[in-house]
Amino acid sequence: MRALRIAPDTTLTELTLPEADALSVIRHHVGTSGAVDQAVYHHRALLHVHGEGQVVGLDQNLAAWALVSAWRRMALYPLHGPVVITGRTPDGEAAALDDDLAEHARTVTQTVRQTLKAWKARPPASSEAAASELLAYAARDVASGR
């Protein structure tokens, strides 16, 4: 089953999950032996996140946050730690990730990586300006289907 992993440092990794016991492999990729939360930010995708990522002090995942915020067309709460994105069946089960959603993830992750690099030379005026900039870029990337 095709999936993607987005790390807080904007590294994107293609995954092939086994059909049987996919949750165990997902746990490994999000870095927990405990709870993995599943969230629906796009009707054809499941986002799998560390159940206690913020509590245990995992870094924010700006690329994943920008992607899911663009999918939902609104700024969402922060995500912490690595995330795994899979497809979603009509009955809510994990499935292979579709090509267009994988391309959204690739493009938004690359845009966030480039923006963070640019900010080292030209920092944003505020946290709010930074969030607005990332959201505008992610919305553009998702809308254009790049």
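Cut-offs applied
- Residues numbered from 1 in each chain as written.
- Predicted model: local features only at pLDDT ≥ 70, side-chain atom pairs only at ≥ 80, totals over all residues.
- Heavy atoms only, no water.
- Helix = DSSP H or I, 4+ residues; strand = E, 2+ residues; numbered from the N terminus.
- Buried < 20%, exposed > 50% of the residue type's maximum accessible area, 1.4 Å probe, protein only.
- Contact = heavy atoms within 4.5 Å.
- Areas by Shrake-Rupley, 256 points an atom, 1.4 Å probe, with all protein chains shown as cover.
- Core = buried A, V, L, I, M, F, W, Y, C linked by side-chain atoms within 4.5 Å.
- Axes fitted to C-alpha atoms, helices over the stretch in contact; angles between N-to-C directions.
- Left-handed = near helix turned anticlockwise from the far one by under 90°.
- Nonpolar A, V, L, I, M, F, W, Y, C, P; charged D, E, K, R; others polar.
- pLDDT = per-residue confidence, 0-100.
- Polar contact = N/O pair within 3.5 Å; in protein donor to acceptor, adjacent residues only side chain to side chain.
- Pairing = 2+ DSSP bridges.

Some words on the overall build of the protein chain
For the protein chain, the count of helices and strands is 4 helices and 6 strands. In the protein chain, the order of α-helices and β-strands from amino to carboxyl end is β-β-α-β-β-α-β-β-α-α. With the C-alpha coordinates aligned to their principal axes, the bounding extent of the protein chain is approximately 45 × 35 × 20 Å. Going through the 146 residues of the protein chain one by one, you find that 42% of them count as buried. Excluding contacts between residues fewer than 6 apart, the proportion of contacts in the protein chain whose partners are at least 24 apart in sequence is 57%. Surface summary for the protein chain: the accessible area is close to 7600 Å², and the carbon and sulfur share equals 52%.

Some points on the nonpolar core
In terms of nonpolar packing, the biggest core is built from 30 residues, with Tyr41, Leu47, Leu67, Trp71 and Ile85 touching the most fellow members. With sequence-adjacent residues up to four places away left out, Tyr41 is seen in contact with Leu47, Val68, Trp71, Arg72, Leu76, Tyr77 and Leu79. Counting residues in hydrophobic clusters, the runner-up holds 9 residues, among them Ala3, Leu15, Leu17 and Val30.

With respect to the packing of helix α3 (residues 99-121) against helix α4 (residues 127-144)
It is the contact of α3 with α4, at a shortest axis distance of 9 Å, that shows an interaxial angle of 150°. By crossing handedness, the relation of α3 to α4 is classed as right-handed. Taking contact as the criterion, the partners of His104, Thr107, Val108, Thr111, Val112, Thr115 and Trp119 in α3 are, on α4, Ala130, Glu133, Leu134, Tyr137, Ala138, Arg140, Asp141 and Val142. For the contact of α3 with α4, the class distribution of residues is 8 nonpolar, 4 polar and 3 charged.

Section: the environment of Ala136
The residue Ala136 is located in helix α4 in this model. Taking relative accessible area as the criterion, Ala136 reaches 47% and is therefore assigned partly exposed.

Focus on the confidence of the model for the protein chain
Summing up the model confidence of the protein chain, the mean pLDDT is 94 and the portion of residues at 70 or higher is 99%. Model confidence for the protein chain, summarised as mean pLDDT per element, is weakest for helix α1 (residues 22-30) at 91 and strongest for strand β1 (residues 2-6) at 98.

Some words on the side chain of Glu133
Checked against the element boundaries, Glu133 lands in helix α4. Given the relative accessible area of 16%, Glu133 is considered buried. A polar contact of 3.1 Å, which involves the side chain of Glu133, links it to the side chain of Trp119. Residues within four places of Glu133 in sequence aside, it is in contact with Thr115, Trp119 and Arg122.

Points about the environment of Ala118
Mapped onto the secondary structure, Ala118 falls in helix α3. For Ala118 and Ala20, which are 98 residues apart along the polypeptide, the C-alpha to C-alpha distance reads 42 Å.

Some points on the pairing of strand β4 (residues 45-50)
Within β4, 6 of the 6 residues are buried, which leaves it mostly tucked inside the rest of the structure. Bridging between β4 and strand β5 (residues 83-88) involves 5 bridges; their strand directions are antiparallel. Its bridge partner being in β5, Ala45 is matched across the sheet by Gly87.

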